[in-house]
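# Fold and geometry: a report
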Amino acid sequence: MAKHVAQLTSARIVSCLSGQGSRVLLSSFRRHNTTGPSPTPSPKPRRIAAFTLTVFAGLTAAYFFWPDRHRGAPTIAHQPLSPTYFTPLTVIASEPCGPSLKLLTLHVPLECLPSTDDPTFPLPIWSIYVKDDDIQVERPYTPLEGIDADGNIKLWVKKYQHGEVGRWLHTKKPEDQIEVRGPLITLPTHGKDWEEVVLISGGTGFSPFYQLLHHSLLQDLSPDKQTRYTLIHCSRTQDELPPSQYLQPLLEYAERYPERLRLHLFVDDFPEKPRYDLKRGKIGTQEIQDCIGLPPGGRQSWLRLPWSPQGDFRRDGKILVAVCGPEPMIAAVAGPYGRNYSQGSVGGALAQLGFKLEEIYKL
């Protein structure tokens, strides 16, 4: 009976492994059970093998499922921000700005400002990693305006039930310190000559797109004046829309310069008294088609007449469609991420509209 249990246990462990080694072990086990009686081996090698396999399986599971940590980066104060180490910054403001939403302001001392030797920084879109000191876990956040003239970084942070770093950030008060590393480029935009840039965001996924629009339009620092931007944003409720100090300047710009920016706001729960020009529901195929001016079927004729309406989407031009938000929203709009958060294939609404992989970027 004991021999049978040991064999069964070994078989279960072997069946959990993959690759050539597992096939050899499994083949050996099967031969042992089909060639009749044989001398009983010593139990010690079996125990060693079982222990080794168990440790291997445990380490493999830990590698794939353990929370994302950055164990090797030290903390260095009074040095310029860098992706290779953490820099302590001081919280100077923490303001509620909606249900489970806060606007945090971190101050970057003069000696910690990033080096200006790199001509591509601080060009958008870039982010920083914030480390939760309590559990030593880091998560990326995108500063809304980059680093402003006063050396401040503003983060729009949502507190999720299972988001450990977001919950931790919501507990921070002025004078507290937070360790960050970066900047890291999220989406390179330097030197690109896109004709149409469509930005589709959900929730706090608005932050990287605001950073781009603030730089390119509100500050008018983009050398390319021909790019036309369309921002399509969705929040669950009106109170969860981006803070007014960031949303209002975009609305005013879109009203003055419709040839450069179009802005569309969606909410799942439509309010009784809308504060903005809102649309009801989620962002889907029909909504994207209407917002960017695609004709029925998603394809635009190759013949673009001089008197064509300015609202028509330049489908035959150089296009970027960037999507940022909760993963279910990204999957519905552009298809799910690939393995290890790679871009994966095109799916969802954008696939139905005929967009290609090289035109889409999932943040």
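Residues numbered from 1 in each chain as written. Predicted model: local features only at pLDDT ≥ 70, side-chain atom pairs only at ≥ 80, totals over all residues. Heavy atoms only, no water.

### A closer look at the overall build of the protein chain
Applicable threshold: Numbering of helices and strands runs from the N terminus; a helix is a DSSP stretch of H or I covering at least four residues, while a strand is a stretch of E covering at least two. Contacts: residue pairs with any heavy atoms within 4.5 Å of one another. The method behind every accessible area is Shrake-Rupley, applied with a 1.4 Å probe, and residues are considered shielded solely by the protein chains displayed.
Counting its secondary structure elements, the protein chain contains 9 helices and 12 strands. Put simply, 66% of the contacts in the protein chain that link residues at least 6 apart link residues at least 24 apart. Surface exposure of the protein chain reaches about 19800 Å², of which carbon and sulfur atoms provide 57%.

### Some words on the sheet that holds strand β2 (residues 101-107)
The criterion, for reference: DSSP calls a pair of strands paired once it identifies at least 2 bridges connecting them. In this description, a line fitted to the C-alpha atoms serves as the axis of each element, helices being fitted only across the stretch in contact, and the angle between N-to-C directions of two axes falls anywhere from 0 to 180 degrees.
Spatial strand order, β4-β3-β6-β1-β2-β5: 6 strands in an open sheet with antiparallel pairing. Since the sheet does not close on itself, it has two edges, and those belong to β4 (137-141) and β5 (152-158), each with one partner. For this sheet the average axis-to-axis angle between neighbouring strands, irrespective of direction, equals 40 degrees. As paired elements, strand β3 (residues 126-132) and strand β6 (residues 177-185) share 5 bridges and run antiparallel to each other. Bridging across to β6, Tyr 129 finds its partner in Arg 181.

### Concerning the packing of helix α5 (residues 206-218) against helix α6 (residues 244-256)
Packed helices, taken two at a time, are described by the angle between their axes plus the distance between the axes. To keep things clear, this is the line we draw: Any angle from 65 to 115 degrees is called roughly perpendicular, while one under 35 is roughly parallel, one over 145 is roughly antiparallel, and all others are oblique. It is the rotation of the near helix from the far one that decides the hand of a crossing: anticlockwise by less than a right angle makes it left-handed, clockwise makes it right-handed. Following the grouping adopted for this structure description, the nonpolar residues are Ala, Val, Leu, Ile, Met, Phe, Trp, Tyr, Cys and Pro, the charged ones are Asp, Glu, Lys and Arg, and the polar ones are all others, Gly among them.
It is at 11 Å that the axes of α5 and α6 come closest, and there the two elements cross at 50 degrees. Here α5 lies oblique to α6, going by the angle between them. At the point where α5 passes α6, the crossing takes the left-handed sense. Across from Phe 206, Tyr 210, Leu 213, Leu 217 and Leu 218 in α5, the residues of α6 making contact are Gln 245, Tyr 246, Pro 249, Leu 250 and Tyr 253. By residue class, the composition of the contact of α5 with α6 is 9 nonpolar, 1 polar and no charged.

### Side note on the pairing of strand β9 (residues 261-267)
This is how it is decided: Here the term buried applies to any residue with accessible area under 20% of the maximum for its type, exposed to any over 50%, and partly exposed to those in between, with areas from a 1.4 Å probe on protein chains only. Seen with its strands pointing away from the viewer, a crossover is right-handed when the path leading from the first strand over the helix to the second is clockwise.
Along β9, 7 of the 7 residues are buried, which leaves the element largely enclosed by surrounding structure. Because side chains alternate across β9, one face comprises the buried residues Leu 261, Leu 263, Leu 265 and Val 267, and the other comprises Arg 262, His 264 and Phe 266, equally buried. Taken together, the 7 bridges between strand β8 (residues 228-235) and β9 define a ladder with parallel strand orientation. Each bridged residue has a counterpart across the sheet, and for His 233 the counterpart in β9 is Leu 265. Running through α6, the crossover from β8 to the neighbouring parallel element β9 is right-handed.

### Observations concerning α6
Short version of the rule: An expected span of 1.5 Å times one less than the residue number is assigned to each helix. Think of it as the arc spanned by the lines of direction from the helix axis to the C-beta atoms.
The end-to-end C-alpha separation of α6 is 18 Å, in line with the 18 Å expected for 13 residues at 1.5 Å each. Every buried residue of α6 is listed here: Tyr 246, Leu 247, Leu 250, Tyr 253 and Ala 254. Within α6, the buried residues cover an arc of 130 degrees as seen down the axis, which keeps them to one side. Every exposed residue of α6 that faces more than 90 degrees away from the buried side is listed here: Glu 255 and Arg 256. Each element contacted by the buried residues of α6 is listed here: β2, β5, α5, β8 and β9.

### Quick look at the pattern of salt bridges
Which entries qualify depends on this criterion: When a carboxyl oxygen of Asp or Glu lies within 4 Å of a side-chain nitrogen of Lys or Arg, that pair is called a salt bridge.
Counted by the stated rule, this structure contains 10 salt bridges. Lys 158 serves as the salt-bridge partner of Glu 240, at 2.9 Å between the closest nitrogen and oxygen. Highlighted residues: Glu 240 in the loop between β8 and α6 and Lys 158 in strand β5, separated in sequence by 82 residues. Lys 158 carries the same exposure label as Glu 240, and that label is buried. Among the salt bridges present, the one from Asp 193 reaches Lys 318, with a minimum N-O distance of 2.8 Å. In this pair, Asp 193 sits in the loop between β6 and β7 (196-202) while Lys 318 sits in the loop between α7 (285-292) and β11 (319-324), placing the two residues 125 residues apart along the sequence.

### Regarding the sheet that holds β7
Pairing is parallel in the open sheet, where 6 strands are placed in the order β10-β9-β8-β7-β11-β12. Two strands lie at the open edges of the sheet, namely β10 (278-280) and β12 (360-362), each paired on one side alone. Pairwise comparison of adjacent strand axes, ignoring direction, gives a mean angle of 20 degrees for this sheet. Across the face of the sheet, helix α8 (residues 327-334) comes into contact with β7, β11 and β12 while running at roughly 150 degrees to β11.

### Overview of the packing of aromatic side chains
Selection criterion: Two rings belonging to Phe, Tyr or Trp (six-membered ring only in the last case) form a pair when the distance between their centres is within 6.5 Å. Interplanar angles under 30 degrees mark stacking, angles over 60 mark edge-to-face geometry, and anything in between is tilted.
Applying the stated rule across the entire model yields 5 aromatic pairs. For the pair Phe 206 and Tyr 210, a centre-to-centre distance of 5.6 Å together with 35 degrees between the ring planes defines the contact as tilted. Separated by 4 residues within a single helix, Phe 206 and Tyr 210 lie in helix α5, roughly one turn from each other. For the ring pair Tyr 253 and Tyr 257, a centre distance of 4.8 Å and an interplane angle of 50 degrees mean the geometry is tilted.

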